[in-house]
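# Results of the structural survey
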Amino acid sequence: MTKKTLPYAICVVLCQLLFILPFVSGVCGADEPLRPLADKTVNFFQPLALKIETVKGDSVTLAGESSEKAVKGTRFDVFSEGAVFYHPVTNEPLGHFESHIGSVEITGVKSNGTVEAHLIKGTPHKGDIARLSKSKVKALFYQDKSVNWFLGDVYYRLLKQSGRFELIDTAIAAENTDALFEEAKKLGADVLILVEGSKKDAIADEDSYLKQRIFWVSDRKEVFSDTAAISETYLQEILASADIFLSVLNDPVLTYHMPIAYDLMTIGNLDGGSGVELIFSSGSDLAVYKPGVDMNKIMELKGDRMSDNVYVDVIDINKDGKDEIIVTSMAYDGARAFIYGVEGGQLRELWKAHGFLRVYNNKLLFQRYTASEGQSGDVQYIVWDGSSFKEEGKIKLPRGINLYDFVNLEAAAGDVNKKSEPVMLYYDVFNHLTVKDSAGTSIWRSKGNMGGFSREYTIPGPTIITEGSKWHISDKMYLFHNKGVAIRRVPLALTSVSLGYKKSYIMSYGFNGISVEENALVGAISGNIIDYTIYKDRIYVLARPILGLNLSGMLKGENPLTTNLFVYKLL
């Protein structure tokens, strides 16, 4: 489903790629100014059934239980009762067949509970039923360019979460309501919800407002209009709380052509100063760069020629104001885990073990390696006790899920569907992303795999003729603003990844209390995204071109095995 449309052509394309802002809870509280407007809108379409009392020309009166809940401007379908229908086995009467014979619009409600209505079409009679159905109201939601887009999006979410509406989006940038009515009719909408914004100079403390207008599509009649005053403070809270992953026009703000075919990267503050450093890995080597207009290499560490690094990240584990570099490497004797720090301007080994390390949720996790299983056993924390690093505590993961496979997600705090327990987003053995709740019930699974595992290993079988089993190391998965972030690749050949990838994306996955909302953060980058990291409001993406070759550079005598570092700004 495409997101609501910004009335600018370039943003239309962008919004089709993204499903943004499942963050209503971040700004929905007791001081939420949009909630009353949403409640009024839901109440306007409150399901109700009444009986026709009189019909005089095009004037109709209705009555029934809860008739006082009828709202002026709403429209009811009229049905006449037909023959009784019976249970096919017991022959008990179950109800009456109904025929749709017309519609009426409510014009008023008297103090005695009698409802007055105007006949729109049909020939109803006394005793017929007028009903506003419990079925979702099909509404085209359109946000005018005069309203702050993020503000309009919060309101869109409130309506959607009410469960009363089937909100239809459109990719048109309408200049007038005529175009919207044509689009609504084409898309089968019964109602047009138009959201606009403007300044409200009459209120000193509330300097803007969101205005909503509701129209019936069939005759373009406006039947409901109301506003919500929005303070500048509230608007700023939205912008501050918005968990938005939006790469502006999908163009990087910076691009670096790295001189070496690096495989991994991360970013951190290694010396405790005011700036940050970029850390890259090629094979088992580490290189530290100071970013600027150009990349300036300031440190490096040569690793074991018989090993390859498979994971690099940073964390200030000993709380000295300087990040340590966390490395997992695969060698001839299995997995090796390292912690490096900067001492005297050089990278020094501070700790090592046989196993795997991962930074997750600002903690350092460790899992053992065995030759028979690869990643094996419970996950533990690595902590600093003031003098040394040690293992502490355990995280028991479900069977088949290992250190790099998962993140835990929670529904937004204000979501009406919020579950009390977090859910787990993880890579399954087929490289699909899957979500299960705490009881192990599957909630969601990605339609396709994520492009295959880029690091797979074989455990030898018991005999030469017996095929060994395989295990894998999953791509880096971040937990960022309560969303899982992962790489999705599209192979050149759908049946095989051996030829490489034609394009790659960085995706985010948020849990809405029922299912998962999938958004594209960055994409489609030509070739293969091999690693990435997120720092503050920027995402750093390490990528290789299609087939891993810079063909144009090769013709100029340049190293064809290059990698590109793209830096995107997240709004």
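The preceding data block contains the structure.
### Some words on the overall build of the chain
- Assigned secondary structure in the chain consists of six helices and 36 strands.
- Here the chain holds 571 residues, and 50% of them are scored as buried.
- Long-range contacts, defined here as pairs at least 24 residues apart, represent 54% of the contacts in the chain between residues at least 6 apart.
- Counting every atom, the chain has about 27,200 Å² of accessible surface; 51% of that belongs to carbon and sulfur.

### What to know about the nonpolar core
- Ranked by internal contacts, the top residues of the largest apolar core, which has 52 residues, are W351, L357, I382, L425, L433 and Y509.
- The dominant element in this core, judged by the number of residues it contributes, is strand β20 (residues 346–360), at six residues.
- Residues within four places of L425 in sequence aside, it is in contact with D405, F406, V407, L409, L433, T434, V435, W444, M477, G484 and Y509.

### Focus: the pairing of strand β5 (residues 115–122)
- Note that strand β2 (residues 59–63) and β5 share four bridges and pair antiparallel. Directly across from V60, in β5, lies its bridge partner A117.
- Connecting strand β4 (residues 93–109) to the next strand, β5, in antiparallel fashion are five residues, including G113 with a positive phi near 95 degrees.

### Focus: the pairing of strand β25 (residues 423–427)
- β25 sits mainly inside the fold: five of its five residues count as buried.
- Burial of β25 is two-sided: the residues V423, L425 and Y427 facing one way and the residues M424 and Y426 facing the other way are all buried.
- Here four bridges tie strand β24 (residues 406–409) to β25, and the two strands are oriented antiparallel to one another. Bridge pairing links L409 to V423 in β25.
- Relative to strand β26 (residues 433–436), β25 runs antiparallel, the two sharing four bridges.

### Remarks on the packing of helix α2 (residues 35–44) against helix α3 (residues 149–162)
- In the contact formed by α2 and α3, the axes pass within 10 Å of each other and the chain directions differ by 40 degrees. In terms of axis orientation, α2 runs oblique to α3. Helix-helix and strand crossings are classified by hand; for α2 and α3 the assignment is right-handed. Contacts between α2 and α3 involve R35, L37, A38, T41 and V42 on the former and, on the latter, Y155, L158, L159 and S162.
- Of the residues assigned to the contact of α2 with α3, the class counts are six nonpolar, two polar and one charged.

### Notes on the pattern of salt bridges
- Going through the model one piece at a time under the given rule, you end up with 26 salt bridges.
- Where D219 meets R75, a salt bridge forms, and the shortest distance between an N and an O atom there is 2.6 Å. One end of the pair, D219, is in the loop between β10 (208–216) and β11 (221–230); the other, R75, is in strand β3 (residues 75–86), with 144 residues separating them in the sequence.
- What makes D219 partly exposed here is its relative accessible area of 42%.
- The exposure class assigned to R75 is buried, which follows from its relative accessible area of 12%.
- For the salt bridge of E98 with R131, the shortest nitrogen-to-oxygen distance reads 3.0 Å. Placement of E98 in strand β4 and of R131 in strand β6 (residues 129–132) is noted, with a sequence separation of 33 residues between them.

### Re helix α4 (residues 177–186)
- For α4, the full list of buried residues reads L180, F181, E183 and A184. For α4, the angular spread of buried residues about the axis comes to 165 degrees, placing them on one side. Turned more than 90 degrees away from the buried face of α4, the exposed residues are K185 and K186.
- Backbone geometry just after α4 places G188 at a positive phi near 80 degrees.

### Some remarks on α3
- Taking 1.5 Å as the rise per residue, α3 with 14 residues should run 20 Å; its terminal C-alpha atoms sit 20 Å apart, in good agreement.
- Of all 14 residues in α3, eleven are buried; the element is thus mostly enclosed.
- Positive backbone phi, at 80 degrees, marks G163, one or two positions downstream of α3.

The rules we used
Residues numbered from 1 in each chain as written. Predicted model: local features only at pLDDT ≥ 70, side-chain atom pairs only at ≥ 80, totals over all residues. Heavy atoms only, no water. Helix = DSSP H or I, 4+ residues; strand = E, 2+ residues; numbered from the N terminus. Buried < 20%, exposed > 50% of the residue type's maximum accessible area, 1.4 Å probe, protein only. Contact = heavy atoms within 4.5 Å. Areas by Shrake-Rupley, 256 points an atom, 1.4 Å probe, with all protein chains shown as cover. Core = buried A, V, L, I, M, F, W, Y, C linked by side-chain atoms within 4.5 Å. Pairing = 2+ DSSP bridges. Axes fitted to C-alpha atoms, helices over the stretch in contact; angles between N-to-C directions. Parallel < 35°, antiparallel > 145°, perpendicular 65-115°, else oblique. Left-handed = near helix turned anticlockwise from the far one by under 90°. Nonpolar A, V, L, I, M, F, W, Y, C, P; charged D, E, K, R; others polar. Salt bridge = Lys/Arg side-chain N within 4 Å of Asp/Glu carboxyl O. Arc of directions from axis to C-beta. Expected span 1.5 Å × (residues − 1).

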